[in-house]
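Here's the letter readout for the chains.
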Amino acid sequence: MSVCVGRFMSSVYPCIINGERVQAGVYGVFEDRNPADVDEVVAVFPLLSREDVKKAIDSAEEAFEKWAALSPVQRGKYLVKAAQIMESQAEELARILTREEGKTLNESRAEVARAIDIFKFYGVMGSRIRGEFTPSADARTHLFTLREPLGVVSIITPWNFPIAIPSWKIAPALVCGNTVVFKPASYTPLIGYKIVEALNAAGIPPGVVNFVTGSGGEVGAELIINDKVDAISFTGSAEVGEEIKQYACRSNIRVQLELGGKNPSVVLEDADLDKAVEMVTRAAFGLTGQACTATSRAIVVDKIAKQFEEKLVERVKRIRVGNGLADGVEMGPVVGEKEMKKILSYVDIGVKEGAKLLIGGKRLTSQEHSKGFFLEPTIFTDVTPDMKIAQEEIFGPVLSIIHVHDFDEAVEVANKIEYGLSASVFTTSLPRAFEFIQRVQAGVVKVNKPTTGLEFQVPFGGYKRSSYGDIKEQGETALDFYSKLKTVYLGY
Ligand code: NAD
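Basis of the calculations
- Residues numbered from 1 in each chain as written.
- Predicted model: local features only at pLDDT ≥ 70, side-chain atom pairs only at ≥ 80, totals over all residues.
- Heavy atoms only, no water.
- Salt bridge = Lys/Arg side-chain N within 4 Å of Asp/Glu carboxyl O.
- Helix = DSSP H or I, 4+ residues; strand = E, 2+ residues; numbered from the N terminus.
- Buried < 20%, exposed > 50% of the residue type's maximum accessible area, 1.4 Å probe, protein only.
- Near = heavy atom within 4 Å.
- Areas by Shrake-Rupley, 256 points an atom, 1.4 Å probe, with all protein chains shown as cover.
- 1 Å grid on protein atoms, 1.4 Å probe; cavity = no way out; pocket = protein on both sides within 12 Å on 5 of 7 lines; lining within 4 Å.
- Sits in = over half its atoms within 2 Å of the grid points.
- Nonpolar A, V, L, I, M, F, W, Y, C, P; charged D, E, K, R; others polar.
- Domains from an automatic or database assignment.
- Points joined across faces, edges and corners; volume = space filled by probe spheres on them.
- Core = buried A, V, L, I, M, F, W, Y, C linked by side-chain atoms within 4.5 Å.
- Contact = heavy atoms within 4.5 Å.
- Buried area = accessible area lost by both parts, 1.4 Å probe.
- Phe/Tyr/Trp six-rings, centres within 6.5 Å; stacked < 30°, edge-to-face > 60°.

## Let's talk about the pattern of salt bridges
For the coordinates displayed, the defined rule picks out 29 salt bridges. Between aspartate 39 and lysine 371 there is a salt bridge, with its nearest N and O atoms 3.5 Å apart. Residue aspartate 39 is located in strand E6 (residues 37-46), and its partner lysine 371 is located in the loop between strand E16 (356-359) and strand E17 (378-381); the two are separated by 332 residues in the primary sequence. Note on aspartate 39: relative accessible area 33%, which makes it partly exposed.

Shown next, in the form of structure tokens:
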């Protein structure tokens, strides 16, 4: 079904509950608009109610027994098939992603490719879901562990990696034998829908993957409190994560929360400066700074600070900001008006706190930018570690430079924060690199690399306020979250 919204024809998409298309909730529908051109409605989706979500959870519960009874190898085949379907649509998916979220087409292509790889990886992992055989004290006993699925898993995701994050949750959940109710962020429902559509086209049985859209406070909340839910995997802001944590502490279900970051890049005096400038630029302003692993603090030793700043400003001046679909654009818009206002309010805060604005700080309003939420890449210097712009997640293209005397002070500043997601150091000294790896409090540490950019085959998750739950996402470790171990004593 299509509706005419402004000058565009826009498709109305359904939710998927028990394999059936649910067109509109009791609350009607909501629009998904392009942040580079707000006149364009990319898609329209149902605004579901709690009652609709309960039906989705019921259908996941009903589908569980049969799905769990399949061999993981059989389940993995559905994932590989879905990956192949997405691969055949890769360019279309990348364009949808850019139109919904704003990132550049190259960034979208990379994210889509990663989602496809994730589905293939966990599809193949179907043949690697295993327990352990351990010698027993009794010679005529076999002692081993089995992995069993948890049941119904609620998956709630943010808008900034709207195909990669759902993929790295849905794929391991399914291959382990769980059924899923998935809620995407309201800025990016279409790309999430496309994942579920691919799984359906791959023949996954009805009820195994349910797709629900609507408000976080209603649809999201039901996915958290419903007592038929056996596990929750959430990625989003620390604020919402903390609400969920209150609930999780009272219930007895498995919960994984991946939250915000305020990631440091430390630049030491022996660094390859050109490389550090390029990597910090990419990590701070790539994806418009809207990555949980984005570099938002550059911690630079005094000796090279001036030189680093000059080179960085020169590089950042060359960033072309515009519609992510256009050639040569290196930075797209921010995702929405609310987010844009929040970022600009942090620029004001930085100025009031006494930080020095080196470049940027304003909304772009030229003809090319008039219809979207475009911001200048922004750099503050003379930032002190206790300023709000050095402590709070801004989640946009704003970098704070903090000067330090030496390596020890750099590590102290890097750690003096409530977040601990990703951190990097630029140095040519191996001992310094190892010392940084040991001392920095972050779930991901990189050397001479940007804080952004993750590979799917290794675990990912943060320390401190950036994460909750001991079991990380991605890699083989994800299978630990989505399964429970049964220990068997088999005497013969
Ligand atoms: P958000 O917390 O506003 O929303 C995330 C999801 O939660 C959305 O689907 C939203 O609808 C839903 N939600 C909102 N209120 C809810 C409630 N009360 N109960 C249940 N669900 C609810 O976050 P966002 O703005 O979509 O994403 C940006 C944030 O995500 C940033 O803080 C970023 O750092 C974080 N993030 C973290 C990681 C990571 O792996 N650590 C990755 C990407 C993004």
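## Some thoughts on the site of the ligand
Around the ligand, the surrounding shell holds 27 residues, and the nearest of these are Thr157, Lys183, Ser237, Leu259 and Glu393. Relative to its unbound accessible area of 850 Å², the ligand is 88% covered by the protein chains. More than half of the atoms belonging to the ligand lie within 2 Å of the grid points that define the largest pocket. Listed by contribution, the elements that provide at least two residues to the shell around the ligand are helix H7 (216-225), strand E12 (231-235) and helix H8 (238-250). A class-by-class count of the residues in the shell around the ligand yields 15 nonpolar, eight polar and four charged. Three or more residues apiece are contributed to the shell around the ligand by two domains, here domain 1 (2-259 + 466-491) and domain 2 (263-455).

## Side note on unusual backbone geometry
Although it is not a glycine, threonine 288 adopts a positive phi angle of roughly 55 degrees. Along the chain, the position of threonine 288 falls in the loop between helix H9 (273-285) and strand E15 (295-301). Taking the relative accessible area as the measure of exposure, threonine 288 reaches 2% and is therefore buried. The phi angle at phenylalanine 395 is positive, at roughly 60 degrees, despite the residue not being glycine. In this structure, phenylalanine 395 sits in the loop between helix H12 (388-391) and strand E18 (398-404). Taking the relative accessible area as the measure of exposure, phenylalanine 395 reaches 18% and is therefore buried.

## So, the layout of surface pockets
Space inside the largest pocket adds up to approximately 1100 Å³. In terms of lining residues, the largest pocket is bounded by 45 residues, among which Trp159, Phe234, Gly236, Ser237 and Val240 are the most central. Residue assignment for the lining of the largest pocket shows that the elements contributing at least two residues are H7, E12, H8 and helix H11 (337-353). Looking at the lining of the largest pocket element by element, the count peaks at six residues for H7.

## Digging into the nonpolar core
Core analysis: the largest hydrophobic core is formed by 69 residues, its most contacted members being Phe119, Tyr122, Ile163, Ile170, Leu174 and Leu199. With nine residues, the top contributor of residues to this core is helix H4 (residues 105-125). Among residues more than four places away in sequence, those in contact with leucine 174 are Trp67, Arg75, Leu79, Val180, Leu199, Ile204, Val208 and Val209. In terms of nonpolar packing, the next biggest core, distinct from the first, is built from 59 residues, Val266, Ile319, Ala410 and Val411 among them.

## Quick look at the domain arrangement of the protein chain
Examined at the domain level, the protein chain breaks down into domain 1 (2-259 + 466-491) and domain 2 (263-455). Computed over C-alpha atoms only, the centres of domain 1 and domain 2 are separated by 31 Å. Each partner contributes residues to the interface: domain 1 has 25 residues there, and domain 2 has 30 residues. When domain 1 packs against domain 2, the two sides together hide about 2300 Å² of surface, and 59% of this comes from carbon and sulfur. Scanning the region where domain 1 abuts domain 2 turns up one salt bridge.

## Brief notes about the packing of aromatic side chains
What the rule picks out here adds up to 14 aromatic pairs. Geometrically, the ring pair formed by tyrosine 13 and phenylalanine 45 is stacked, given 5.3 Å between the ring centres and 15 degrees between the ring planes. Here tyrosine 13, found in the loop between strand E2 (8-12) and strand E3 (15-17), pairs with phenylalanine 45, found in strand E6; they are 32 residues apart in sequence, far enough to count as distant. Across the pair, phenylalanine 45 and tyrosine 13 agree in class, each one buried. Members of the aromatic cluster, connected to one another through ring pairs, are Tyr13, Phe45, Phe182, Tyr193 and Phe211.

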